[in-house]
Structure formats: structure tokens, C-alpha cells
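Residues per chain, in single letters:
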Amino acid sequence: MSFFLIGADDSLFELPANKNVLIGRAGMNQIVLNDRLVSRVHARISPSANGPLLTDRGSANGVQVNGRPAWETVLHHGDSVQIGKTLFHVFAGTQADAQRWIARRRNDTKSDRTMTGLNVNQFRPTDMLGDLAGLHIVSLLQTLVSQQQQGALTLTQAGELVGKIYFVNGTFAYAETVSGLKNKDALFALMQMQQGQFVFQLAVRPPTIGIQENAAALILEGCQRLDEKHAPVAV
């Protein structure tokens, strides 16, 4: 299995298993980013027994992994890495798998064939991508609410759309699943997801306002439903 960095512009960079990869503004780096927010040698990705090890090389503006500052961290499939204005998605698999994933992502952003009536928006460098295996969906929702984010959270599994949740100023505004659920029913169904990928797109407006309840109360109710679903059955 190989690891790749995939840019929001569909650029693909393989991370070798036997040598370091330098990322920065200078031409001597293996990945060159023409961005004033990027230091000449901004970060290094080196092989390790646990996977690619990302290290901040003392950059001026730092590195973010899954939206959080990171000094040194092992990268996993589905992680998002932001360096300056550039956002990378970490992919584990073969090069052919990575290229197919890029093709599916490109198709999903340009067509609504996989979800009837769902607004599909073009990915941008400021979007946040990640894997629900590394960040539980409840924690993700709590973070977006606490940060008073506004935009659309798209949830997928194996490259197929599952649903979307829209936020307005940190509150849930609208939700929809590919199975046809809407609003609170869709929100609670999506909170049951244990695996999959997510993309959060900033400043995307909901098609309509269908949810008006308190966001914290809705998250609590969703957690209660999740607990009930996984509670042991009395014998």
C-alpha cells in the first residue's frame, strides 16, 4: 500500500516509502507551493513504521492536520493537511485507486446523478476533508457548531454520496440523505455513520431552512439515539 497527497486541484503526489519529501516555496522541494504563506522549506514527510510522518520544519505559519495545528504527526488515510492556502487529502492505496478516487470526486462535484435534488458544489482549496474513522461525526458536528461555521458538510462512503448537512452561523439549517430523508430525520440518520469521508465547504448556502431547533439539543438527542441503537438487548 502506498500513500499519496491529493490536492484540491486533483494534483497527485506519491509519498515514497524509502525517502523524505520536502514541501515548501523553494524550488529544491519535492512539492513546491508558490504561496507567500509558505516558508522556503515548510514541512517534511518521512517514512516511519506507522505511516508517513509529517513534521513542521519551523515554518512561519505552521501546518494544520484535520483543521488543527500539528508539529509532528503520523498521517492516515482520509486526513486533510493544510499548508498555506493549499489543502491536501491523504490517500492510502494504489496509484490506480487514487486516480479513480479523484475521478469520482470530480464527477460528484459536477453532477447530482448520485443524489436527486442535492446541491453539489465545486471543491475549493479552503474546504476541509477528512475520514470519519479518525474523527467521529459527533465530534465533527460539535466542532462546526462551536466555531459557528456556515457551509455544507458532505458525507460519502466508498466514493458514493450519503447525505449533506447545512449550517448557518453554527446552527443546523437543512439536511438530506440519498435515501430521501430530510431535515431532523436526515440529521439523526447521518449521525449514525461510523465510517466514511467528509468534506466541509465554507459559505455554501442551504437550499432552504428546514431545521430551527437548538443545535446542542439536536446533537444530544442524536447521541441518545445512537446509544439506544447500540445498547445491549436484555435477555
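Our structure is the block above this text.
Residues numbered from 1 in each chain as written. Predicted model: local features only at pLDDT ≥ 70, side-chain atom pairs only at ≥ 80, totals over all residues. Heavy atoms only, no water.

What is the right way to look at the overall build of the protein in this model?
From N to C terminus, the protein includes four helices and 16 strands. Relative to all contacts within the protein whose residues are 6 or more apart in sequence, the contacts with residues 24 or more apart total 55%. Looking at the protein as shown, the accessible area adds up to about 12,000 Å², and 49% of this sits on carbon and sulfur atoms. (Helix = DSSP H or I, 4+ residues; strand = E, 2+ residues; numbered from the N terminus. Contact = heavy atoms within 4.5 Å. Areas by Shrake-Rupley, 256 points an atom, 1.4 Å probe, with all protein chains shown as cover.)

Looking at this model, I keep getting lost on the pairing of strand E14 (residues 160–168). Mind explaining?
Looking along a regular strand, one sees side chains alternate from face to face of the sheet. Of all the nine residues making up E14, seven are buried; the element is thus mostly covered by neighbouring parts of the structure. For strand E13 (residues 151–157) and E14, the ladder comprises seven bridges, and the chain directions are antiparallel. When the sheet's bridge partners are listed, Gly151 is paired in E14 with Phe167. Linking E13 back to E14 in an antiparallel pair, the connection comprises two residues, with Ala158 at a positive phi of about 50°. Examined bridge by bridge, E14 and strand E15 (residues 171–177) share six bridges and lie antiparallel to one another. (Buried < 20%, exposed > 50% of the residue type's maximum accessible area, 1.4 Å probe, protein only. Pairing = 2+ DSSP bridges.)

I tried to follow the side chain of Thr154 on my own but got confused; where do I start?
Following the sequence through the fold, Thr154 ends up in strand E13. In this view, Thr154 contacts Leu161, Gly163, Lys164, Gln197, Phe198, Val199 and Gln201; residues no more than four positions away in its chain are not counted.

Sorry, what's going on with helix H2 (residues 137–146) here?
Residue pairs spaced three or four apart in an α-helix point in one direction, given the helix's 3.6 residues per turn. Looking at H2, one finds that the buried residues are Ile137, Val138, Leu140, Leu141, Leu144 and Val145. Taken around the axis of H2, the buried residues stretch over an arc of 160°, which confines them to a single face. Looking one or two places after H2, you find Gln148, whose phi comes out positive at around 55°. (Arc of directions from axis to C-beta.)

Explain the nonpolar core here, please?
The biggest cluster of nonpolar side chains holds 28 residues, and the ones touching the most others in it are Leu141, Leu153, Leu155, Ile165, Phe167 and Phe172. Broken down by secondary-structure element, the contributors of at least two residues to this core are H2, E13, E14, E15, helix H3 (183–190), strand E16 (197–202) and helix H4 (215–230). Ranked by residue count, the leading element in this core is H2, at six residues. Setting aside chain neighbours within four positions, we find Ile165 in contact with Leu141, Gly151, Ala152, Leu153, Leu155, Phe172, Tyr174, Ala175, Leu187 and Leu190. (Core = buried A, V, L, I, M, F, W, Y, C linked by side-chain atoms within 4.5 Å.)

Is there a simple way to think about the sheet that holds strand E9 (residues 72–74) in this case?
Strands in a sheet are paired, the pairing made by backbone hydrogen bonds, and the direction either parallel or antiparallel. With mixed pairing, five strands are arranged side by side in an open sheet as E4-E3-E5-E6-E9. For this open sheet the edge positions go to strand E4 (31–32) and E9, each flanked by a neighbour on one side alone. The sheet contact formed by strand E5 (residues 43–46) and strand E6 (residues 53–56) spans four bridges and is antiparallel. Paired with Ala43 across the bridge in E6 is Asp56.

Hey, could you run me through the pattern of salt bridges in this one?
Once the charged atoms of two side chains with opposite charge are near each other, the side chains can pair. One pass over the full model with this rule turns up four salt bridges. For Asp97, the salt bridge identified is with Arg100, shortest N-O distance 2.4 Å. Separated by three residues within a single helix, Asp97 and Arg100 lie in helix H1 (residues 95–110), roughly one turn from each other. Taking the relative accessible area as the measure of exposure, Asp97 reaches 28% and is therefore partly exposed. (Salt bridge = Lys/Arg side-chain N within 4 Å of Asp/Glu carboxyl O.)

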